[in-house]
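# A closer look at the structure
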Amino acid sequence: MPTYDLYAKDSGDPLWQVPATGAARFSWEYDDGRDRLLALYQKGKDKQWDGQKRIDWELEVDPYDPLGTPDESMSLYGTKYWAKMTDKEKGELRKHYASWQFSQFLHGEQGAMICAARIVESVPDLDAKFYSATQTMDEARHAEIYGRFLHEKIGMLYPINDNLQSLLGDTLRDSRWDMPYLGMQVLIEGLALAAFGMIRDTTDKPLPKQILAYVMQDEARHVAFGRMALRDYYKQLTDAELREREEFVIEGCYLMRDRLRGVEVLENFGIPTAEAEEYSEQSEFLALFRQLLFSRIVPCVKDIGLWGKRLQQAYVDMGVFEMGDSNLDLLMAQDEEIAEQLDAERFAAEEQERVAEVTEAIEAGAGESQAGEG
Ligand SMILES: [Fe+2]
Ligand SMILES: [Fe+2]
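Sequence order as written defines residue numbering, which begins from 1 separately in each chain. Chains carry letters from A onward and ligands carry numbers from 1 onward, assigned in written order. Thresholds applied to this predicted model are a pLDDT of at least 70 for local features of residues and 80 or more for the giving and counting of side-chain atom pairs; totals over whole chains, interfaces and linings are not thresholded and use all residues. Side-chain descriptors were evaluated using all non-hydrogen atoms of the structure, hydrogens and water having been removed beforehand.

Below, the discussion takes up the overall build of the protein. A tally of helices and strands in the protein yields 15 helices and zero strands. Atoms counted for the radius of gyration: C-alpha only. Globule rule: 2.2 Å times residue count to the power 0.38. At 23 Å, the protein has a C-alpha radius of gyration in line with the 21 Å of a compact globule built from 374 residues. If you line up the protein on its principal axes, its C-alpha atoms span 95 × 60 × 40 Å. Contacts: residue pairs with any heavy atoms within 4.5 Å of one another. Here the contacts in the protein between residues at least 6 apart in sequence split such that 83% fall between residues at least 24 apart. Total accessible area computed for the protein in this model is approximately 18,400 Å², and 52% of it derives from carbon and sulfur atoms. By the counting scheme adopted, Arg and Lys are positive, Glu and Asp are negative, and His together with the chain ends is not counted. Here the site of a charge means atom NZ of a Lys, CZ of an Arg, CG of an Asp or CD of a Glu. Computed over 41 positive and 70 negative side-chain charges, the inter-centroid distance for the protein is 4 Å. Only DSSP runs of H or I with at least four residues qualify as helices, and only runs of E with at least two residues qualify as strands; both kinds are numbered from the N terminus onward. Under the convention used here, a 1.4 Å probe and the Shrake-Rupley method define accessible areas, while residue burial counts only the protein chains that appear.

Below is the structure:
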């Protein structure tokens, strides 16, 4: 079914054109790669997988509760609207929220694909181009999977959030080659990764769990790449140049915290914007969720050397400053492990099923031959 028929609200022009600036760069040096980057490129090739095969699409999903979301985590919970809602309407609201959330993942993945392709084009060194080509493919697979999940299992999509779109636009319009890394790999992907992780670790529904665990396995490489490239580059920048990047990060972080909350879902349910914003602001669960969204960004920003006074102050203000000390390497290693463990569990369960089937067949066979003898 055309996606246009599934959008829960008007999504405007079917094409969004962002004029490109900056140069496409060729490198004639083919034998000068950095070991760590080439190792990441190799890993990117080794770890490709196919969502059509690795994910069990036969698993059923209840579109009215795709993630097993508890009542308390709904922003309307405890309000006068909630009190008036029937179970059917609550299910409808869950469907819209899940649709909104996964639609932002989907649009974000398309953005990540386009940014990775932009990096292939603009980054000066061939090792980074090679690596980024594998990431472009990773992001294409992710967009494909989220798109399939939304079309087949939820049956509804939301247009891209205006603020996510404007951040993406700023990232792409900037002619400095490090900006797609900073805007996409560090900010948008950092935020997405934290959101993926929270859903992966709390949902009791097997299909979204598989999707998120496997996508996160790839994202661990993407973050590693952004960190490597920017850490090296930012060492060479002047203070003024670093401050400009920090301002971009500060602005992006506030925008993502305050303007990416799914208020458009509540508006769609006829709740006035101001009230919808107030509910999202007041919800204790969402407040915690919003803080945790920064668990991947803050340590990354610190690690790449953007840790000036103003940025530190902004993170203190947001209550996420301490996250700068969390161990990103450990988090990434865990993301990879969780995916591998899920594979192992699924394989073991399948093996058990197969053994049970064979045993049953043998027993049935034995019963028949006994009956024949008797
Ligand atoms: Fe991705
Ligand atoms: Fe990514």
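We are not done yet, so read on.
For the iron ion (ligand 1), the protein coordination sphere consists of Glu-109 (OE), Glu-139 (OE), His-142 (ND1) and Glu-219 (OE), at 2.0 to 2.3 Å. Coordination geometry of the iron ion (ligand 1): the four donor atoms subtend angles of 87 to 140 degrees at the metal centre, consistent with an arrangement described as irregular. Metal donors were taken as nitrogen, oxygen and sulfur atoms no farther than 2.8 Å from the ion, or 3.2 Å where the ion is Na, K or Ca. Water is excluded, so coordination may look unfinished. As a motif over one chain, the donors of the iron ion (ligand 1) read E-x29-E-x2-H-x76-E. Separating the iron ion (ligand 1) and the iron ion (ligand 2) is a distance of 3.2 Å, and Glu-139 donates to both of them. Linking Glu-109 in helix H4 (residues 87-122) with Glu-219 in helix H8 (residues 206-234), this pair joins segments that are 110 residues apart in sequence. Across this residue pair, the class does not change: Glu-109 and Glu-219 are buried. In short, tetrahedral needs four donors with all angles between 85 and 135 degrees, square planar needs four and octahedral six donors with opposite donors over 155 degrees apart and all other angles between 65 and 115, and whatever is left is irregular. Each residue is placed in one exposure class: buried if its accessible area under a 1.4 Å probe, protein chains only, is under 20% of its type's maximum, exposed if it is over 50%, and partly exposed if it falls in between.

Attention now goes to H8. For H8, spanning 29 residues, the distance from its first C-alpha to its last is 41 Å, which sits close to the expected 42 Å at 1.5 Å a residue. The angle between axes fitted to the seven residues ending at a residue and the seven residues starting there is what we call the bend at that residue. At Gln-217, H8 shows its largest bend, some 30 degrees. Within H8, 24 of the 29 residues are buried, which leaves the element mostly enclosed by the surrounding structure. Each residue after the first adds 1.5 Å to the expected span of a helix.

Right, let's get into the environment of Gln-291. Examined against the element boundaries, Gln-291 turns out to sit in helix H12 (residues 284-292). For the pair Gln-291 and Gly-319, spaced 28 residues apart in sequence, the C-alpha to C-alpha distance is 7.1 Å. Setting aside chain neighbours within four positions, we find Gln-291 in contact with Met-318, Gly-319, Val-320 and Met-323. Reaching out from Gln-291, the side chain makes a polar contact with the backbone oxygen of Gly-319 at a distance of 3.5 Å. Pairing of N or O atoms within 3.5 Å defines a polar contact, subject to two protein rules: one partner must be a possible hydrogen donor and the other a possible acceptor, and residues neighboring in sequence count only if both atoms are side-chain atoms.

Take the environment of Tyr-64 next. If you trace the backbone, Tyr-64 turns up in the loop between helix H2 (51-54) and helix H3 (80-84). A residue is classified by how much of its surface remains accessible, and Tyr-64, at 38% relative accessible area, is partly exposed. Taking the C-alpha atoms as reference, Tyr-64 lies 15 Å from Pro-206; in sequence the two are 142 residues apart.

Another point: helix H6 (residues 162-173). End to end, H6 covers 16 Å across 12 residues, agreeing with the expected 16 Å (1.5 Å per residue, within 8%). Regarding H6, the residues found buried are Asn-163, Leu-164, Leu-167, Leu-168, Gly-169, Thr-171 and Leu-172. Of the surrounding secondary structure, the elements contacted by the buried residues of H6 are H4, helix H7 (179-202) and helix H9 (239-259). A side-chain oxygen of the first residue of H6 lies 2.8 Å from the backbone nitrogen of Asn-163; this N-cap is Asn-161.

Bound to the iron ion (ligand 2) on the protein side are Glu-139 (OE), Glu-189 (OE), Glu-219 (OE) and His-222 (ND1), at distances that span 1.9 to 2.1 Å. In this structure, the iron ion (ligand 2) is surrounded by four donor atoms whose angles at the metal cover 77 to 161 degrees, and the resulting shape is irregular. Taking relative accessible area as the criterion, Glu-139 reaches 0% and is therefore assigned buried.

Attention now goes to the state of the cysteines. By disulfide we mean two sulfur atoms from cysteines, separated by a distance within 2.5 Å. One pass over the structure, following the stated rule, counts zero disulfides. With no disulfide of its own, Cys-115 lies closest to Cys-300 among cysteine sulfurs, the gap being 15 Å. The cysteine Cys-300 is free of any disulfide, with Cys-253 supplying the nearest cysteine sulfur at 11 Å. You can call Cys-300 buried: its relative accessible area is 3%.

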